[in-house]
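Overview (structure and organization)
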Amino acid sequence: MTGHDVVFLLVGLFTAGAAVLTVTSRNLVHAALFLATTLAGIAGVFLVLHSDFLALVQLVVYVGAVAVLFLFGLMLTRAPIGREALDSQNKGLGLAVSSVLFVVIGGLIVMEFGGAERAAVASPGIADVGIALFAFWVLPFEVLSMLLLAALIGAILLARREDGESGEPGGEAPFVAIQLSDPPVDEPSDTELVIASKQEPETGGDR
Amino acid sequence: MSPLGPLLLATFLFCVGIYGIIARRNAVLVLISVELMLNAVNINLVAFQSLLFPEEAAASGLLFAVFIIGVAAAEVGVGLAIVFNMFRNRASVNVDDANLMRW
């Protein structure tokens, strides 16, 4: 067991535990923070695999941006907190499906890679990654930038509050101008209510 | 280093994500589980790149993982916008309540 294996074992156990806590935590904000922990652990896995560029991308994009986005999403939707509200009735179904899938895929992986020889961890350096990105993968790179732009515009369009949506169903609420000389509105004001409540015990005492 | 460890970790994270998608009712938590599954696939790609094909000139595994991270970021943005819309229209983010298109 080399040092690589030991470090990978520690980081992998950390990541797996955080992932389990992510899907079982009863507190919404805790779930989002455990997701950030899991993503940071995956960045650690990338570091163990000598992909330092990808580890940094993971830290910046996921731990920095996506986790904060999820926290915003959870707080803006003000969902109820509590396990009854978070987990649905098909929890047993989920457990069965995921465990069966894990056994099947894990068995296939052990059958296929169980006898694989131990290879030295080697990954292209940052310069090679850059050259490969702009020599072989230019078109997907540009398409990805267009996709991000489209997602930006689409998210703004979807989440934008339209005119009159929060007010009257017929559109904007009617604008009412109140002058100083206007008579008071029909509703009883606070002072009248106070006077009325003060008068009541007196009339009761007369009887 | 044997490729067995990263592959099994990726499988575990993928299955945890599937459990979350099935068992959770909050739409934001379902999105979080989708993120877990996407990251599991990334671990697979990087493990194949680093342990099995380290001499590949195009660095395919690494750059596919980068592209997946970018697409996942776009997916989170649009998905959260859809969840906000659902919350505004139905005052709930419960995925069981989103049955407007049921026949």
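Residues numbered from 1 in each chain as written. Chains lettered and ligands numbered in written order. Predicted model: local features only at pLDDT ≥ 70, side-chain atom pairs only at ≥ 80, totals over all residues.

What follows concerns the overall build of chain A. Scanning chain A from terminus to terminus reveals 8 helices and 0 strands. Secondary structure of chain A in N-to-C order comes out as α-α-α-α-α-α-α-α. Among the 207 residues that make up chain A, the fraction classed as buried is 21%. (Helix = DSSP H or I, 4+ residues; strand = E, 2+ residues; numbered from the N terminus. Buried ≥ 20, exposed ≤ 12 C-beta atoms within 10 Å, placed from the backbone.)

With 78 residues of chain A in contact, the opposing surface of chain B contributes 62 residues. Tallying contributions element by element places helix H5 (residues 91–113) of chain A first for the side of chain A that touches chain B, with 13 residues. Along the lines of polarity and charge, the residues of the side of chain A that touches chain B split into 54 nonpolar, 19 polar and 5 charged. (Contact = placed C-beta atoms within 7 Å. Nonpolar A, V, L, I, M, F, W, Y, C, P; charged D, E, K, R; others polar.)

Now for helix H2 (residues 27–52) of chain B. With 26 residues, H2(B) should cover 38 Å at 1.5 Å per step; its first-to-last C-alpha distance of 38 Å lies within 8% of that length. The buried count for H2(B) comes to 20 of 26 residues, which makes it a mostly enclosed element. (Expected span 1.5 Å × (residues − 1).)

This next bit is on the packing of helix H3 (residues 52–77) of chain A against helix H3 (residues 60–90) of chain B. Relative to each other, H3(A) and H3(B) sit at 5°, their axes nearing to 11 Å. As summarised for this structure, H3(A) and H3(B) are arranged roughly parallel, according to the angle between their axes. Facing H3(A), whose interface residues are A:Leu54, A:Val57, A:Gln58, A:Val61, A:Ala65, A:Val66, A:Leu69, A:Gly73, A:Leu76 and A:Thr77, H3(B) presents B:Leu62, B:Ala65, B:Val66, B:Ile69, B:Ala73, B:Val76, B:Leu80, B:Val83, B:Phe84 and B:Phe87. Per-class residue counts for the contact of H3(A) with H3(B) are 17 nonpolar, 3 polar and no charged. (Axes fitted to C-alpha atoms, helices over the stretch in contact; angles between N-to-C directions. Parallel < 35°, antiparallel > 145°, perpendicular 65-115°, else oblique.)

Bringing the packing of H3(A) against H2(B) into the picture now. Any two packed helices are characterised by the angle at which their axes cross and by the distance between the axes. Between H3(A) and H2(B), the shortest axis-to-axis distance is 11 Å and the interhelical angle comes to 170°. Considering the angle they form, H3(A) stands roughly antiparallel to H2(B). Across from A:Leu54, A:Val66, A:Phe70, A:Gly73, A:Leu74 and A:Thr77 in H3(A), the residues of H2(B) making contact are B:Val28, B:Ile32, B:Glu35 and B:Val46.

A separate point is the confidence of the model for chain A. The share of residues in chain A with pLDDT of 70 or more is 73%, and the mean pLDDT across the chain is 80. Scored below 50 in pLDDT, residues 202–207 of chain A shows 0 contacts in the model against residues more than four places distant or in partner chains. (pLDDT = per-residue confidence, 0-100.)

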